[in-house]
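The chain contents come next:
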Amino acid sequence: MSDYANSFREGVEEAKKVQIARKEIEDIFTDFKTQIQRLGDGKLAVALEEFIVSEGGWIHAVAFPPKKVETYTAIVAFNPSIKESPRYKIAKWKPAANGYPCLVKWGDQEHYCEDKQSLERCLEILLKDPLVAEKLLSAMTFEKPKEQPKTK
Amino acid sequence: MEETIKHSVRIAWWNTSLAPLAEYRATEEERKFAISIIMRLLYEESVDCLALGEITADLLKQFVNAAGLEEFSFADCSTIFDRLKFDVGIIYRHNRIHLAKQATVIAEYGTSSLKVAQRLDLQLPQGVNPLHLFVVHWPSRKWCHENTAKRDTLGYSLRSAAQEVMFTYKYPPQMIFIGDFNDDPFDQSLAGHLLATRDRSRARHSPSYFYNPFWRYLGESHPYMPNLKCDSICGTYCQRSSSGEETQWRTFDQVILSHALINSYEWQLNEENTFIARMKPLDDIVRQRKNIFDHLPIISTIELMAERSA
């Protein structure tokens with residue numbers, strides 16, 4: 001007869017490690033978000049938001065009949081002081097089911113991060129990218145559209 | 001009436017040794033010699049897409065211009081990213097291959113970055129789905145030792161990059177990994193982490209596995225014959241300063257294919273035409289200490305059967 005006790009204990013141990021990894025990734029992003037918000041002087045914030053895979057992707061070229069809507073998570077930058085602020089997508093964010101590796105993808109780069117240190121380093125690299133910085137600047141300097149005077 | 005015609009595309013890799021880490025070190029004579037090898041690969045061996053290692057953007061441009069390769073374009077992948085130098089590029093027949101997209105795959109490892117691959121999404125003639133070509137030049141074992149965690153990370157990350165492509169499809173995608181892995185087919189990074197197997201039936205039955213035809217090229221190319229001198233080789237890279245090692249030959253240059261390419265979905269591997277390109281005098285030169293060239297080119301062929309109205 002099989003003894004499932006050991007497998008169960010191993011599974012529970014692994015599940016705990018996975019939970020720790022997911023929490024660690026969440027904490028790294030929270031820290032990233034807090035620092036950005038502080039640096040942006042109230043005019044810049046980042047968040048994780050979900051988007052639908054665009055119709056131009058390979059997936060739609062091969063999927064027939066159409067299947068359920070595919071989504072992905074992205075880091076977005078916006079100006080939290082303006083309600084109408086657009087969301088500037090700065091990177092795709094995709095932790096593995098087990099937490100690591102965490103994929104951060106922007107421009108023509110895909111970075112696979114294996115642990116806390118490498119994920120933090122990757123976010124530093126992301127901020128140094130001029131095209132990313134340009135989007136952050138756009139979010140910060142975004143101005144509320146002026147209201148059109150009402151015509152009589 | 002319809003007739004069936006066969007389309008074939010030849011993909012090759014050669015580590016030129018001209019500019020390791022994108023730093024040019026070759027003499028004019030060596031540069032000319034490299035051009036002659038490239039010309040032979042493109043014309044004698046009819047290669048459609050040639051991936052080159054230890055190259056710079058300038059060199060690629062020079063090759064295409066100097067050799068008058070009008071039907072070829074090049075894609076420079078030799079980016080310098082932070083402190084990381086990618087030294088690869090491709091030359092491809094632009095009337096047969098369309099480069100749709102390219103991306104750099106990087107693994108973050110502690111406080112350093114590791115170059116995993118350059119991904120090029122290619123549209124091939126008559127093909128419906130793209131071919132995802134990963135051009136690989138992993139770090140030398142001098143800087144990133146055999147069987148270390150860094151090499152494990154390279155293997156895992158290449159697999160993750162392949163999975164990222166798989167996620168975008170409803171059925172197995174066409175992927176090829178080609179290049180100088182600085183690991184042999186049996187090393188953990190490739191056999192264990194990437195799951196690049198020698199067992200074709202396993203890779204045919206499960207899209208989790210990749211097929212590595214270069215397991216075939218680990219041993220001597222010719223059998224031993226008493227009193228007969230022959231030019232047998234047992235790898236693609238000849239490490240001339242290998243005293244104390246059990247072999248001076250390594251099969252570091254490999255082509256690894258996804259499940260889709262050994263099933264009859266669309267493009268398929270022609271394994272008979274997948275080989276180490278032996279060409280004189282490079283064949284002799286790689287064994288000699290006094291020059292920079294130490295890798296032999298490798299070639300792989302994929303084919304597509306298509307119907308055409310006659």
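Residues numbered from 1 in each chain as written. Chains lettered and ligands numbered in written order. Predicted model: local features only at pLDDT ≥ 70, side-chain atom pairs only at ≥ 80, totals over all residues. Heavy atoms only, no water.

As a further point, take the overall build of chain A. Counting its secondary structure elements, chain A contains four helices and five strands. N-terminal to C-terminal, the α/β element order of chain A is α-β-α-β-β-β-β-α-α. For chain A, the residues scored as buried account for 33% of the 152 residues in total. (Helix = DSSP H or I, 4+ residues; strand = E, 2+ residues; numbered from the N terminus. Buried < 20%, exposed > 50% of the residue type's maximum accessible area, 1.4 Å probe, protein only.)

A few words on the side chain of A:Asn79. Residue and element names in this part refer to chain A. Structurally, the position occupied by Asn79 is in the loop between strand E2 (71-78) and strand E3 (88-96). Judged by relative accessible area, which is 2%, Asn79 ranks as buried. Within the structure, Asn79 has its side chain in polar contact with the side chain of Ser81 (distance 2.6 Å). Within polar-contact distance, the side chain of Asn79 engages the backbone oxygen of Met140 at 3.5 Å. (Polar contact = N/O pair within 3.5 Å; in protein donor to acceptor, adjacent residues only side chain to side chain.)

In this structure, B:Ile176, B:Ile178 and B:Ile302 are the most contacted members of the largest nonpolar core, which totals 70 residues. Residue contributions to this core peak at seven residues, all from helix H1 (residues 28-44) of chain B. Counting residues in hydrophobic clusters, the runner-up holds 26 residues, among them A:Val46, A:Ala91, A:Cys122 and A:Ile125. (Core = buried A, V, L, I, M, F, W, Y, C linked by side-chain atoms within 4.5 Å.)

The next point concerns the environment of B:Phe181. Residues and elements named next belong to chain B. Looking at the secondary structure, you find Phe181 in the loop between strand E10 (174-180) and helix H4 (188-194). The buried category is assigned to Phe181, whose relative accessible area is 0%. C-alpha of Phe181 to C-alpha of Asp253: the two residues are 72 residues apart in sequence and 6.3 Å apart in space. In this structure, Phe181 is in contact with Val136, Trp138, Arg151, Leu158, Leu190, Phe252, Gln254 and Ile256, ignoring residues within four places of it in sequence. (Contact = heavy atoms within 4.5 Å.)

Turning our attention to the pairing of strand E9 (residues 131-137) of chain B. All names here are of chain B. The element E9 is extensively covered by neighbouring structure, given that seven of its seven residues are classed as buried. Side chains Leu131, Leu133, Val135 and His137 project from E9 onto one buried face, and the interleaved His132, Phe134 and Val136 project onto a second face that is buried too. Pairing geometry for strand E8 (residues 112-123) and E9, over five bridges, is antiparallel. Residue Gln118 lies in a different strand from E9, and its bridge partner there is Val135. (Pairing = 2+ DSSP bridges.)

Take the confidence of the model for chain B next. In the predicted model, chain B carries a mean pLDDT of 90, and 95% of its residues have values of at least 70. As a predicted assembly, this complex carries a pTM of 0.86 together with an ipTM value of 0.76. (pLDDT = per-residue confidence, 0-100.)

The subject of this paragraph is the sheet that holds E3(A). Working definition: the strands of a sheet are paired by backbone hydrogen bonds and lie parallel or antiparallel to each other. Here 12 strands make up an open sheet; going across it, the order is E1(A)-E2(A)-E3(A)-E4(A)-E5(A)-E7(B)-E8(B)-E9(B)-E10(B)-E15(B)-E12(B)-E11(B) and the pairing mixed. Each end of this open sheet is capped by a strand with a single partner; those strands are strand E1 (45-52) of chain A together with strand E11 (196-197) of chain B. Bridging between strand E5 (residues 109-113) of chain A and strand E7 (residues 98-109) of chain B involves five bridges; their strand directions are parallel. Residue pairing in the sheet places A:His111 in a bridge with B:Ile106 of E7(B).

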